[in-house]
Amino acid sequence: MVESKQQWKAWLYLSPAIVLLLVFTVWPIINTVRMAFLEDYSGLEAIGGRVFTFGIGNFAKVIKYKSFLKCLKNTVLLCVPTVLVSSFLALLIAVCLNSIKPLQKLLQTIFFLPYVTNSIAIGMVFAAMFNIVGNLGTKGHDIIVTAGIINNIIEFFGGHAVNWINAGSTYAANMTVMIIYIVWNALPFKILILLGGLQSINKQYYDAARVDGTSRTRIFSRITVPLLSPMIAYVVITGFIGGFKEYTSIVGIFGESMGPVHDSGRLNTMVGFIYDSLSRNRQGRASAAALILFVIILIVTLINLQVSKKKVHY
Amino acid sequence: MKVVLQNLTKIFPSRNKKSNEEVVAVNDFTFEIPDGKLIGLLGPSGCGKSTTLYMICGLQKPTSGRIFFGDDDVTDLAPENRGVGLVFQNYALYPHMTVKQNILFPLQNLRGADKPTKEEMLERAYSAAQLVQIDELMDRKPSELSGGQQQRVAIARALVKMPRVLLLDEPLSNLDARLRLQTREEIRRIQRETQITTVFVTHDQEEAMSISDMIVVMKSGVVQQIGAPQEVYDDPKNLFVAKFLGTPPINVFEGRVFEGILYIGEERILSVPGADDGEVYVGIRPEGFILDDGGPLHCKLSSVEVMGRDVSVVSTNPFAVSPVIRSIINADNKVNTESETVSYSLKRHKVFIFDRETEERVYFEV
């Protein structure tokens with residue numbers, strides 16, 4: 001126990017952190033809730049002296065917006081499959097990496113590189129890779145020139161170039177690119193965590209399993225996965241939390257229009273919706289959307305924790 | 001199932017690429033373990049006893065030499081095809097499985113015709129659990145068990161697949177002193193009941209002596225002596241074995257043999273007919289001293305420790321290799337604690353002499 005005379009010192013030393021937290025975390029949270037429950041709240045009009053009444057109108061409006069529902073759908077479609085696929089792939093890669101002895105360090109570094117690279121930069125590279133350039137033909141004599149490496153590969157194997165992200169591309173093609181990009185971008189962190197977990201598993205469990213003649217698949221499913229389950233749970237839960245906040249990856253590929261040229265906003269997400277509302281000075285609506293997002297993440301995390309209670313062995 | 005080790009050698013390549021120092025963990029080990037016996041591999045850490053165990057088990061491949069189980073050459077067989085049960089030093093129980101699942105695990109691994117039905121598996125698991133007396137703990141997790149109970153689960157898991165050979169790696173080192181005594185009796189009982197050839201590794205000579213049918217004393221990869229515990233204790237082949245066995249340890253003096261007489265310093269200690277003249281080490285077991293005022297060996301008395309049945313007399317002698325000499329005397333003999341010196345005569349069969357150079361035993365007629 002700190003003696004009471006010394007307590008002011010403790011508070012003094014804590015004060016920088018406390019002040020920063022109060023100003024930049026606690027107050028914004030309170031303010032968000034306040035703005036969400038003030039009808040049609042707008043920062044500019046508030047400065048102008050308008051008084052807002054209390055109500056849940058913001059929530060009602062947000063839910064009725066078609067664009068919001070579209071954002072919600074995009075977010076879920078981008079989040080759920082990418083988290084599951086990337087977690088599973090990361091597990092496989094981590095297990096493989098862990099069993100390779102030569103060049104392990106080099107491979108580890110290569111797999112970790114995407115993590116230290118700016119995601120906008122990666123997005124631009126992906127945009128270039130999936131690019132398809134122009135229709136150079138005249139009427140009736142279309143010559144499609146492709147410049148992206150992906151389409152080059154597809155054509156090399158005799159397929160038809162796909163319009164992935166350019167004007168006229170389909171929603172399915174856009175989503176495919178986004179899912180590939182997000183999975184790829186999510187892998188390094190997950191591999192790092194899972195590899196660390198794998199390396200901390202006592203080797204004797206594997207020796208014991210070998211003496212007992214356990215097959216490789218059984219070692220994986222009955223020993224590796226259960227012993228790694230706390231890490232897997234961590235990776236999946238944080239994956240979902242991050243996944244629902246998806247935004248920058250889409251900006252990286254499609255720019256701030258959040259969609260291909262002919263249909264901007266097609267790939268907009270929840271966070272994108274919040275930003276859009278903010279930039280139109282609809283702070284009340286943005287706050288309401290933010291709270292809805294918060295509740296969704298909360299529910300998903302609670303479900304995750306509930307599932308992991310049964311499946312995770314600490 | 002008898003186990004034959006033939007010229008077994010294990011050389012670990014050097015880790016450091018610059019120096020080409022190889023580590024010879026086990027050097028030319030030849031031994032036939034009789035069927036149904038309990039064998040203790042004994043030696044200080046780093047002597048190659050665990051490596052030997054892992055080679056018998058198949059987790060490590062010998063550099064040269066062969067291993068036979070009965071008449072089968074198992075040297076190139078993978079561990080799972082050898083039919084061995086291994087109990088690890090820290091048990092390696094799967095922490096996420098219950099005791100029952102842990103014991104069932106090796107059975108569920110069996111494939112093809114060997115695979116028992118579910119009922120058979122359960123039956124075998126329960127009979128293994130009964131053997132080690134943990135059948136009431138079947139639904140607990142390993143973390144909810146004491147060290148001794150975990151040890152039993154590990155033994156049950158090793159026994160459930162009915163191995164041809166049971167291997168125990170430092171089975172008692174993680175248990176407290178009281179549990180250690182209890183568990184070693186238990187291991188003895190289980191081994192007797194199952195009649196499975198068992199090899200266990202330990203650095204604790206008392207542990208090895210108390211339960212083994214035979215002990216193998218090893219030092220830096222080389223087998224020093226093999227035999228029944230009492231035999232090895234009473235007739236050590238060299239100074240290392242003599243020093244390694246026995247608590248309190250043997251007392252070693254610098255001495256010499258001249259014309260059939262053993263001298264420590266200037267004192268004529270014992271007649272040793274048949275021993276060649278020369279500089280020697282003299283080893284005297286603590287129980288080899290007899291309090292005798294007219295005895296030939298004089299030591300400076302330091303203290304007397306009463307242990308109930310026995311008295312331990314601590315004394316010093318300028319020619320002793322160890323700082324103090326410890327003798328065990330029956331408590332009926334009164335030691336004069338006022339006196340500055342203590343005199344002993346010796347029991348001939350408790351005195352061993354070793355060549356000063358080679359440290360090999362020099363035999364004399366007892």
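Quick caveat: nothing in here was measured; it's all calculated off a predicted structure.

What counts as what
Residues numbered from 1 in each chain as written. Chains lettered and ligands numbered in written order. Predicted model: local features only at pLDDT ≥ 70, side-chain atom pairs only at ≥ 80, totals over all residues. Heavy atoms only, no water. Domains from an automatic or database assignment. Contact = heavy atoms within 4.5 Å. Buried area = accessible area lost by both parts, 1.4 Å probe. Salt bridge = Lys/Arg side-chain N within 4 Å of Asp/Glu carboxyl O. Polar contact = N/O pair within 3.5 Å; in protein donor to acceptor, adjacent residues only side chain to side chain. Nonpolar A, V, L, I, M, F, W, Y, C, P; charged D, E, K, R; others polar. Disulfide = S-S within 2.5 Å. Buried < 20%, exposed > 50% of the residue type's maximum accessible area, 1.4 Å probe, protein only. Helix = DSSP H or I, 4+ residues; strand = E, 2+ residues; numbered from the N terminus. Pairing = 2+ DSSP bridges. Expected span 1.5 Å × (residues − 1). Bend = angle between axes of the 7 residues up to and from the residue. Arc of directions from axis to C-beta. Phe/Tyr/Trp six-rings, centres within 6.5 Å; stacked < 30°, edge-to-face > 60°. Lys NZ or Arg CZ within 6 Å of the ring centre and 35° of its normal. Axes fitted to C-alpha atoms, helices over the stretch in contact; angles between N-to-C directions. Parallel < 35°, antiparallel > 145°, perpendicular 65-115°, else oblique. Left-handed = near helix turned anticlockwise from the far one by under 90°.

**A look at the domain arrangement of chain B**
All names here are of chain B.
Okay, so step 1: Domain assignment breaks chain B into domain 1 (3–240) and domain 2 (249–362).
Okay, so step 2: Taking the mean C-alpha position of each, domain 1 and domain 2 sit 39 Å from one another.
Okay, so step 3: Taken residue by residue, the interface counts 7 residues in domain 1 and 10 residues in domain 2.
Okay, so step 4: Three residues, Tyr 233, Pro 236 and Leu 239, lead the burial of domain 1 against domain 2; their summed loss comes to 66% of the area buried on that side.
Okay, so step 5: Counting across the domain 1 and domain 2 interface gives 2 salt bridges.
Okay, so step 6: Its salt-bridge partner being Lys 350, residue Asp 234 comes within 3.9 Å of it at the nearest N-O pair.
Okay, so step 7: Connecting domain 1 to domain 2 are 6 residue pairs in polar contact (both at pLDDT 80 or more).
Okay, so step 8: Looking at the side of domain 1 that touches domain 2 residue by residue, the classes come out as 3 nonpolar, 1 polar and 3 charged.

**Some remarks on the state of the cysteines**
Okay, so step 1: All told, the structure shown has 0 disulfides over all chains when counted by the stated rule.
Okay, so step 2: Its sulfur unpaired, A:Cys71 is 15 Å from the next cysteine sulfur, which belongs to A:Cys79.
Okay, so step 3: The buried category is assigned to A:Cys71, whose relative accessible area is 1%.
Okay, so step 4: Here B:Cys57 is not disulfide-linked; the sulfur of B:Cys47 is the nearest cysteine sulfur, at 17 Å.
Okay, so step 5: With a relative accessible area of 0%, B:Cys57 lands in the buried category.

**Notes on the interface of chain B and chain A**
Okay, so step 1: On the side of chain A, 18 residues touch chain B, which itself brings 23 residues to the contact.
Okay, so step 2: The interface formed by chain B and chain A contains 1 salt bridge.
Okay, so step 3: Two residues, B:Lys161 and A:Asp212, come together in a salt bridge whose shortest N-O distance is 2.8 Å.
Okay, so step 4: Counting every contact that joins chain B to chain A gives 8 residue pairs in polar contact (both at pLDDT 80 or more).
Okay, so step 5: Counting residues per element, the ones that place at least two in the side of chain B that touches chain A are helix H1 (49–57), strand S6 (84–87) and helix H2 (99–109) of chain B.
Okay, so step 6: In terms of residue count, the dominant contributor to the side of chain B that touches chain A is H2(B) (4 residues).
Okay, so step 7: Considering only residue class, the side of chain B that touches chain A consists of 14 nonpolar, 5 polar and 4 charged.

**Some details on the pattern of salt bridges**
Residues and elements named next belong to chain B.
Okay, so step 1: Using the criterion set out here, one finds 20 salt bridges over all chains in the structure.
Okay, so step 2: Ionic pairing is found between Asp 213 and Arg 188, a salt bridge with its closest N-O pair at 2.7 Å. Of this pair, Asp 213 sits in the loop between helix H6 (205–211) and strand S9 (214–219) while Arg 188 sits in helix H5 (residues 177–194), placing them 25 residues apart in sequence.
Okay, so step 3: The partly exposed category is assigned to Asp 213, whose relative accessible area is 23%.
Okay, so step 4: The class for Arg 188 is buried, based on a relative accessible area of 9%.
Okay, so step 5: Between Arg 326 and Glu 305 there is a salt bridge; the shortest N-O distance is 2.7 Å. Taken together, the positions of Arg 326 in strand S18 (residues 325–330) and Glu 305 in strand S16 (residues 297–306) put the pair 21 residues apart, joining distant regions of the chain.
Okay, so step 6: Judged by its relative accessible area of 27%, Arg 326 is partly exposed.
Okay, so step 7: Taking the relative accessible area as the measure of exposure, Glu 305 reaches 33% and is therefore partly exposed.

**Some words on the sheet that holds strand S12 (residues 261–264) of chain B**
Residues and elements named next belong to chain B.
Okay, so step 1: Taken together, the 6 strands give an open sheet; going across it, the order is S13-S12-S11-S14-S20-S21, and neighbouring strands pair in antiparallel fashion. On the outer flanks of this sheet lie strand S13 (267–271) and strand S21 (361–362), each paired with one strand and no other.
Okay, so step 2: With 2 bridges connecting them, strand S20 (residues 351–355) and S21 associate as antiparallel partners. Bridge assignment links Ile 353 to a residue of S21, and that residue is Val 362.

**As for helix H10 (residues 216–244) of chain A**
Okay, so step 1: The end-to-end C-alpha distance of H10(A), which contains 29 residues, comes to just 35 Å, noticeably less than the 42 Å that a straight helix rising 1.5 Å per residue would cover.
Okay, so step 2: At A:Ser229, H10(A) shows its strongest bend, of approximately 60 degrees, with the proline A:Pro230 following within four residues.

**A few points about helix H9 (residues 203–211) of chain A**
Okay, so step 1: Among all positions in H9(A), only A:Gln204, A:Tyr205, A:Ala208, A:Ala209 and A:Val211 are buried. Here the buried residues of H9(A) occupy an arc of 160 degrees about the axis, which is enough to place them on one side.
Okay, so step 2: As for H9(A), its buried residues are in contact with H10 of chain A together with H1, S6 and helix H4 (147–159) of chain B.
Okay, so step 3: One or two positions beyond H9(A), positive phi appears at A:Gly213, with a value near 70 degrees.

**Things to note about the packing of aromatic side chains**
Okay, so step 1: For the coordinates displayed, the defined rule picks out 18 aromatic pairs over all chains.
Okay, so step 2: On the numbers, 6.0 Å between centres and 25 degrees between planes, the contact of A:Phe126 with A:Phe130 is stacked. Here A:Phe126 and A:Phe130 have matching classes, each one buried.
Okay, so step 3: Note on A:Tyr205 and B:Tyr94: the rings are 6.2 Å apart at their centroids and 45 degrees apart in plane angle, and the pair reads as tilted. A residue pair is termed interchain when its members come from two chains, as with A:Tyr205 in helix H9 and B:Tyr94 in the loop between S6 and H2. The two residues A:Tyr205 and B:Tyr94 agree in class, both being buried.
Okay, so step 4: Three or more aromatic residues link up through ring pairs in this structure, and these residues are A:Phe126, A:Phe130, A:Trp164, A:Tyr181 and A:Trp184.
Okay, so step 5: Here the basic side chain of B:Arg285 rests over the ring of B:Tyr233, its NZ or CZ set 3.9 Å away from the ring centre.

**Structural notes on the packing of helix H6 (residues 119–129) of chain A against helix H8 (residues 171–199) of chain A**
All names here are of chain A.
Okay, so step 1: Contact geometry of H6 with H8 gives a least axis separation of 11 Å together with a crossing angle of 140 degrees. Put simply, H6 runs oblique to H8. Both H6 and H8 take part in a crossing whose hand is right-handed. Between H6, through Ser 119, Ile 122, Gly 123 and Phe 126, and H8, the contact on the second element is made entirely by Ile 180, Tyr 181, Trp 184 and Asn 185.

**Topic: the sheet that holds strand S1 (residues 3–12) of chain B**
Residues and elements named next belong to chain B.
Okay, so step 1: Read across the open sheet, the 4 strands follow the order S2-S1-S4-S5; overall the sheet is antiparallel. For this open sheet the edge positions go to strand S2 (23–33) and strand S5 (72–73), each flanked by a neighbour on one side alone.
Okay, so step 2: Examined bridge by bridge, S1 and strand S4 (residues 64–69) share 5 bridges and lie antiparallel to one another. When the bridges of S4 are listed, Gln 6 appears paired with Arg 66.

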